[in-house]
Amino acid sequence: MYNNGNLASSEFWYEIDHLCHSLRLHMVNPSGWLTSRVMREKDDRVGCDDNNDCNGSDDRKLGSNGSEMAVVSLATRSSARRFALLMNTLAHAHALINTNTFSTRRAIYYAEVGRYGNQSSLDRSVEDAARLLRVPQRVLHFTTTGKGLAAGALCYTTREGTTFNLEETQNGVLLPECISGLSGITSDAHFILVVEKDATFQTLLDEQFHVKYGPLIMITGKGYPDVSTRLFVNCLHNHLGLPVLALTDADPYGIHIAAVYKFGSQVRPEAGLCVESLVWLGVLPEEIEELCMPPQSLLPLTSKDRTKLHSLAHHPHLSSNSRWMKQIEILQYSGHKAEIQSLTHISPDFLTTIYLPTKISRGNWIV
């Protein structure tokens, strides 16, 4: 239905007509209530956390393909409002697609704060629209203000015509809002280094690691990467053909973050948001003992850590990879974890002068 992340205006209206036809067939139920069905993946709610559901109420049941269905009764005020917001969001999407422009969700929210009430209501409405039209949310021309940073041997021009030279930055440049609108992407880098933490990213910048051991491109998602960061990494990998290396903590969440960059999100799988050829450079749990990290540099696993490890052991990609599974098992059996910063207990500059240069030159990583 869409190609290269684009949705034509005519295709948009075709999908809207199809949606309206479906609504006409299913709107009136025996009790006289009006209902709309919105496909939603389990536990995949934009704007919600693990402990709080989204605003509004609706009944839920499983669809034939195993995904969760939200049956929205228009006889209730909250669900009728949800449907109205969906129609308003679709109108915004069509206007953006028809004019081939983009807008951040935040801008839409502030333009209609009285209508949406809060950001999570808009986020949920965008998700509903994407589910109904069976497209990734970015195809609707809504963008998000990313939290990721980049630096190093890279130049590009944004959709607005602004050219960035990332070699000139001292603290990193915020990633562009519209990744699909980038042009003039050039680089003489040898590889892309994805860094889990902003603190480590800033340390590498301060030490001029990207200059001394480059040229290279450095990117951080500041923890779990958002969609913009993952899109940016994928975009650079595809345009420049560069290998991607991941540097994370030697803990359950570091493993998961590397897996998200490499395999994508298991909750919301979507094309263009991962780099399957990515390699996990470190810090590897097996290196905790190999590097003789002092006891004071290690942290005990929490109950939450162990729950995360159990989940990772059943990850569809990790469970079939013996080297990834070995790292998970080492953490489980040792009961300890280490952060990237733990390497400073060996020597203050161990990360930048010994660890990274040695591992990169020897190709000592996990595929």
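A.B. asks: Explain the packing of aromatic side chains to me, and be specific about the residues and the numbers.
C.D. replies: Under the definition given, this model contains 7 aromatic pairs. With a centroid separation of 5.9 Å and an interplanar angle of 75°, the aromatic rings of Y156 and F232 are classed as edge-to-face. Of this pair, Y156 sits in strand β7 (residues 155-157) while F232 sits in helix α8 (residues 227-240); the two residues are 76 residues apart in sequence, bridging distant segments of the chain. Classification of Y156 as buried rests on a relative accessible area of 2%. Judged by relative accessible area, F232 falls into the buried class, the value being 0%. When the centroid spacing of 6.5 Å and the interplanar angle of 85° are considered together, the rings of Y224 and Y253 count as edge-to-face. Here Y253 lies in helix α9 (residues 252-263) and Y224 lies in the loop between β12 (217-220) and α8, a separation of 29 residues in the sequence. Connected via pairs of aromatic rings, a cluster forms that spans Y156, F164 and F232.

A.B. asks: An account of the environment of Y355 is requested, with residue identities and associated values reported.
C.D. replies: Within the secondary structure, Y355 sits in helix α13 (residues 350-362). Placed 12 residues apart in sequence, Y355 and L343 show a C-alpha to C-alpha distance of 8.5 Å. Discounting residues that sit within four places of it in the chain, Y355 has contacts with L247, L281, G282, V283, L284, E287, L291, L343 and F350.

A.B. asks: Before we move on, could you go through the packing of α9 against helix α11 (residues 303-313) and cite the residues and values that matter?
C.D. replies: Contact geometry of α9 with α11 gives a least axis separation of 9 Å together with a crossing angle of 35°. Handedness of the α9/α11 crossing: left-handed. Contact residues: α9 offers P252, Y253, I255 and H256, while α11 offers K304, D305, K308, L309 and L312. For the contact of α9 with α11, a count of residues per class yields 5 nonpolar, 1 polar and 3 charged.

A.B. asks: So what's going on with the pairing of strand β13 (residues 244-247)? Residues and values would help.
C.D. replies: Burial of β13 is two-sided: the residues V244 and A246 facing one way and the residues L245 and L247 facing the other way are all buried. Relative to β13, strand β11 (residues 192-195) runs parallel, the two sharing 4 bridges. Paired with L193 across the bridge in β13 is L245. As paired elements, β13 and strand β14 (residues 279-282) share 3 bridges and run parallel to each other. Across the sheet, L245 pairs through a bridge with V279, a residue of β14.

A.B. asks: Tell me about the sheet that holds β12, residues and numbers included.
C.D. replies: A sheet is described by the order of its strands in space; here 6 strands give the open sequence β9-β6-β12-β11-β13-β14, paired in mixed fashion. The open sheet terminates on both sides in strands that have one partner only, identified here as β9 (173-174) and β14. Across the sheet, α13 is in contact with β13 and β14; its angle to β14 comes to roughly 145°.

A.B. asks: Which residues make up the packing of α9 against helix α12 (residues 322-334), and what values go with them?
C.D. replies: Running from N to C, α9 and α12 cross one another at 165°; their axes reach a closest spacing of 10 Å. The orientation of α9 relative to α12 falls into the category roughly antiparallel. α12 is crossed by α9, and the crossing has left-handed handedness. Residues P252, I255, A258, A259 and K262 of α9 lie in contact with α12, whose contacting residues are W324, I328 and L331. Across the contact of α9 with α12, the residue classes break down as 7 nonpolar, no polar and 1 charged.

A.B. asks: Pulling in residues and values, what's your account of helix α5 (residues 119-133)?
C.D. replies: Relative to the 21 Å expected for 15 residues at 1.5 Å per residue, α5 spans 21 Å between its end C-alpha atoms, a close match to the ideal helical length. Most of α5 is tucked away: 13 of the 15 residues are buried. Following α5 by one or two positions, R134 has its phi on the positive side, about 60°.

A.B. asks: Quick one: what's the story with the environment of P225, residue by residue and with numbers?
C.D. replies: Examined against the element boundaries, P225 turns out to sit in the loop between β12 and α8. In sequence terms P225 and E196 are 29 residues apart; their C-alpha atoms lie 8.3 Å from each other. Setting aside its immediate chain neighbours within four residues, P225 contacts R230, I257, V260 and Y261.

What counts and how
- Residue numbering note: each chain is counted from 1, following its sequence as written.
- The model is predicted, so local features are restricted to residues of pLDDT at least 70 and side-chain atom pairs to those at 80 or more, both for listing and for counting; the totals for chains, interfaces and linings are taken over all residues.
- Excluding hydrogens and water, the side-chain values take into account all heavy atoms of the structure.
- Classification of ring pairs rests on two measures: the distance between centres of Phe, Tyr or Trp rings, Trp counted by its six-membered ring, which must be within 6.5 Å, and the angle between planes, read as stacked under 30 degrees, edge-to-face over 60 and tilted in between.
- Put simply, DSSP marks the helices as runs of H or I at least four residues long and the strands as runs of E at least two long, and each gets a number from the N terminus on.
- Burial status follows relative accessibility: with a 1.4 Å probe on protein chains alone, a residue under 20% of its type maximum counts as buried, one over 50% as exposed, and anything between as partly exposed.
- Contact definition: two residues touch when any of their heavy atoms are within 4.5 Å.
- Here an angle of 0 to 180 degrees is reported between the N-to-C directions of two axes, which are lines fitted to C-alpha atoms, with helices fitted over the stretch in contact.
- Handedness of a helix crossing follows the sense of rotation of the near helix relative to the far helix, less than a right angle counterclockwise being left-handed and clockwise being right-handed.
- Gly is placed with the polar residues, together with every amino acid not listed as nonpolar (Ala, Val, Leu, Ile, Met, Phe, Trp, Tyr, Cys and Pro) or charged (Asp, Glu, Lys and Arg).
- By this definition, two strands are paired if DSSP reports at least two bridges between them.
- Working definition: roughly parallel below 35 degrees, roughly antiparallel above 145 degrees, roughly perpendicular at 65 to 115 degrees, and oblique for all remaining angles.
- Expected span of a helix, by definition, is 1.5 Å for each gap between consecutive residues, and there is one gap fewer than residues.

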